[in-house]
Amino acid sequence: MKKKSSFLLLAVAILFSSVSDAQNFAIGARGGISIPNLTAGGSESNPLNTGYKSRLGPDASLFGEYHFSSLFTIEAMLEYSSQGGKKTGMQAFPNPQGSTPPYLYANFNSEAKLNYLLVPVLAKFGWNLSKSSPLRIYVDAGPFAGFLLSAKQVTSGTSMIYADPNGQEPASPSPQPFNASNDIKDQLNTFNFGVSGNVGIAYGFSKSHIFIEGGGNYGFLNIQKGTANGKNNTGAGTVALGYAYTFGK
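In short, a report on the structure. Nothing here was measured: the structure is a model prediction, and the numbers come from that model.

### Section: empty space enclosed by the protein
In step 1: Within this structure, the stated rule accounts for 2 cavities of 30 Å³ or more.
In step 2: The volume enclosed by the largest cavity comes to roughly 60 Å³.
In step 3: Lining the largest cavity are Arg30, Met77, Glu79, Pro120, Ser196, Gly197, Asn198, Gly216, Asn217 and Thr238.
In step 4: Elements that contribute at least two residues to the lining of the largest cavity include exactly strand S3 (72-94), strand S10 (191-204) and strand S11 (208-219).
In step 5: With 3 residues, S10 is the single largest residue contributor to the lining of the largest cavity.
In step 6: When the residues that make up the lining of the largest cavity are grouped by side-chain class, the tally is 2 nonpolar, 6 polar and 2 charged.
In step 7: A volume near 30 Å³ is recorded for the second largest cavity.
In step 8: Taken together, Gln83, Tyr116, Leu118, Phe144, Asn192, Asn217 and Thr234 form the lining of the second largest cavity.
In step 9: Along the lines of polarity and charge, the residues of the lining of the second largest cavity split into 3 nonpolar, 4 polar and no charged.

Criteria and cut-off values
- Residues numbered from 1 in each chain as written.
- Predicted model: local features only at pLDDT ≥ 70, side-chain atom pairs only at ≥ 80, totals over all residues.
- Heavy atoms only, no water.
- 1 Å grid on protein atoms, 1.4 Å probe; cavity = no way out; pocket = protein on both sides within 12 Å on 5 of 7 lines; lining within 4 Å.
- Points joined across faces, edges and corners; volume = space filled by probe spheres on them.
- Helix = DSSP H or I, 4+ residues; strand = E, 2+ residues; numbered from the N terminus.
- Nonpolar A, V, L, I, M, F, W, Y, C, P; charged D, E, K, R; others polar.

Here it is, written out as structure tokens:
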């Protein structure tokens, strides 16, 4: 817990340190889309945690950027990040009787909607396209701490239930509904740690700039508390537009 708090305090200190040296400091906001997916973890894979595809969700952040030179800055962010994944079609779910077989199968839609507060601290390198050009390209990368805000498993559809993944052995006398929204936060770890990075292009004005960037993030820690549902890692691609204002220029 001390490491988590220290990382958050470091990011906030960078984010709001303009008082000490406003001439070298910028603040801004960015928003766009997150394209997350859940990656199944090696030996812990089972029919419940495999087969996820990407979903779409919002991604938005506030950031502070300290300029050490015209080439190098440190950027800290408070980022709302959509994570998770979705499945469609024939898929496994736990046998509610808790007996053999351990998994049953049905044709329905399922979406894991996970929302995190990410706190990245990024090293950023940038270059103007020419000495007088307002265009600037940049890359950034660094670690993040992630804090789980909410987690839901949303399912929909109606299907026969089967004892096999090929749908050859019916296990229900008639189609069953799969319309539900379940809070699964208590099944997941509330902290994650990983790496973020972006590549972007900015257009500068006298004291501000607008930018567009693409990048992504990946969590190193498994999100599940137990092993019954297998193990997954979070990760997402992102595309964002943003604005930043630099003090003291």
